[in-house]
Amino acid sequence: MNFSKWIGAAIGWSFGGPIGAIIGLALGGLMDVFSDRTDLDTIFGQGQKGGTYGSRPTRAQTRSGDFEVSLLVLASVVIKADGKLDQRELDFVRQQFAHMYGKERANHAFQLFKRINKQEIPVQQVCLQIRQMMDHPSRLQLLHFLFGIAKADGHVTEAEVNKIYTISGYLGIRSIDYESIKAMFYNSSDNAYKILEIEKSATVTEIKAGYRKMAKKYHPDRVIHLGKEHQIGAEEKFRQVQDAYEQLQKERGF
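Chemist: Describe the nonpolar core, and please don't skip the residues or the numbers.
Modeler: Ranked by size, the top nonpolar core spans 73 residues in total, and within it Leu-74, Phe-97, Ile-130, Ile-149, Ile-167 and Leu-196 carry the most contacts. Setting aside residues up to four positions removed in sequence, Phe-97 forms contacts with Glu-68, Leu-71, Leu-72, Gly-102, Ala-106, Ala-109 and Phe-145.

As structure tokens, this is what we get:
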């Protein structure tokens, strides 16, 4: 599959709004790849069928390509949060895409990513579009991936944490969900409790209830509509919930 066929077939609602404008600028001279699909004003002026971006359109099911482009745009924001481009973070993005999508599709995605990375991203507007159009489990998956990028160089800087926290708020993710996913990337005595979204004073009954709740929230089937490629990250979150529960079982002896 060549680049034009990949980008033309993979993306749905993200052709519109601020993300669409970013894609358009990133593609530059490759804009003609869209000419056989639809009018450019339609692509970059509409959020999705049924209304323009910003008019709170009916949420459509997010395609794998919509998720992919959203990842690329927000990954660019996080990578540049500390004022420098770290090769390890860039390598992490490429490796993750190769792992999820295969070498050829990953190469196409990284071509687009390098072009996006040269732009100033309107973070709030981009996140608002994602919040309007993407379901909550998929947004949680985005957040998990962004922490993975920040941790790729061995540690998460304060600037990166602050940027991810800002993105999380714009995406409509609750602080308790943010802290749960953040805890998956840190080692501390209360991480297991944070992952399960419970207090350290929780009873055994509350721990069990917390585990059931989080296992349901982070179950890979919640993002099955994104395709098999995104089950990998979802399975990692699910595994960390299980690990947190097993840790508390050993500590509490139940």
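Chemist: Any details on helix 6 (residues 103–116)? Residues and values, ideally.
Modeler: The α-helix winds at 3.6 residues per turn, so residues separated by three or four positions along the chain end up facing the same way. With 14 residues, helix 6 extends 20 Å from end C-alpha to end C-alpha; this agrees with the ideal 20 Å at 1.5 Å per step. Listed as buried for helix 6 are Ala-106, His-108, Ala-109, Phe-110, Leu-112, Phe-113 and Ile-116.

Chemist: How would you explain the packing of aromatic side chains if you had to name every residue and give the values?
Modeler: Tallied over the entire structure, the rule returns 6 aromatic pairs. Judged by centre distance (5.7 Å) and plane angle (20°), the ring pair of Phe-147 and Phe-185 falls under stacked. Of this pair, Phe-147 sits in helix 8 (residues 136–151) while Phe-185 sits in the loop between helix 10 (175–183) and helix 11 (191–195), and the two are 38 residues apart along the sequence. Each of the two residues, Phe-147 as well as Phe-185, counts as buried. Each ring, one from Tyr-165 and one from Tyr-178, has its centre 5.0 Å from the other, and the planes form 75°; the classification is edge-to-face. Here the residue Tyr-165 occupies a position in helix 9 (residues 158–170), and Tyr-178 occupies one in helix 10, the gap between them amounting to 13 residues.

Chemist: Tell me what's going on with the packing of helix 5 (residues 87–101) against helix 8, and back it up with residues and numbers.
Modeler: The interhelical angle for the contact between helix 5 and helix 8, taken along N-to-C directions, is 135°, at an axis separation of 8 Å. The angle between helix 5 and helix 8 places the two elements in the oblique class. Along the contact surface, helix 5 presents Glu-89, Phe-92, Val-93, Gln-96, Phe-97 and Met-100, while helix 8 presents Phe-145, Gly-148, Ile-149 and Ala-150. A per-class count over the contact of helix 5 with helix 8 returns 7 nonpolar, 2 polar and 1 charged.

Chemist: Explain the pattern of salt bridges to me, and be specific about the residues and the numbers.
Modeler: Taken as a whole, this structure holds 7 salt bridges when the rule is applied. Measuring nitrogen to oxygen at the nearest pair gives 3.4 Å for the salt bridge that ties Arg-174 to Asp-177. Here Lys-217 makes a salt bridge to Asp-177, at a shortest N to O gap of 2.5 Å. Residue Lys-217 is located in helix 12 (residues 204–217), and its partner Asp-177 is located in helix 10; the two are separated by 40 residues in the primary sequence.

Chemist: How would you summarise the environment of Ile-176 if you had to cite specific residues and measurements?
Modeler: Mapped onto the elements, Ile-176 comes out in helix 10. Distance in space between the C-alpha atoms of Ile-176 and Lys-194 is 8.0 Å, their sequence separation being 18 residues.

Definitions and limits used
- Residues numbered from 1 in each chain as written.
- Predicted model: local features only at pLDDT ≥ 70, side-chain atom pairs only at ≥ 80, totals over all residues.
- Heavy atoms only, no water.
- Core = buried A, V, L, I, M, F, W, Y, C linked by side-chain atoms within 4.5 Å.
- Buried < 20%, exposed > 50% of the residue type's maximum accessible area, 1.4 Å probe, protein only.
- Contact = heavy atoms within 4.5 Å.
- Helix = DSSP H or I, 4+ residues; strand = E, 2+ residues; numbered from the N terminus.
- Expected span 1.5 Å × (residues − 1).
- Phe/Tyr/Trp six-rings, centres within 6.5 Å; stacked < 30°, edge-to-face > 60°.
- Axes fitted to C-alpha atoms, helices over the stretch in contact; angles between N-to-C directions.
- Parallel < 35°, antiparallel > 145°, perpendicular 65-115°, else oblique.
- Nonpolar A, V, L, I, M, F, W, Y, C, P; charged D, E, K, R; others polar.
- Salt bridge = Lys/Arg side-chain N within 4 Å of Asp/Glu carboxyl O.

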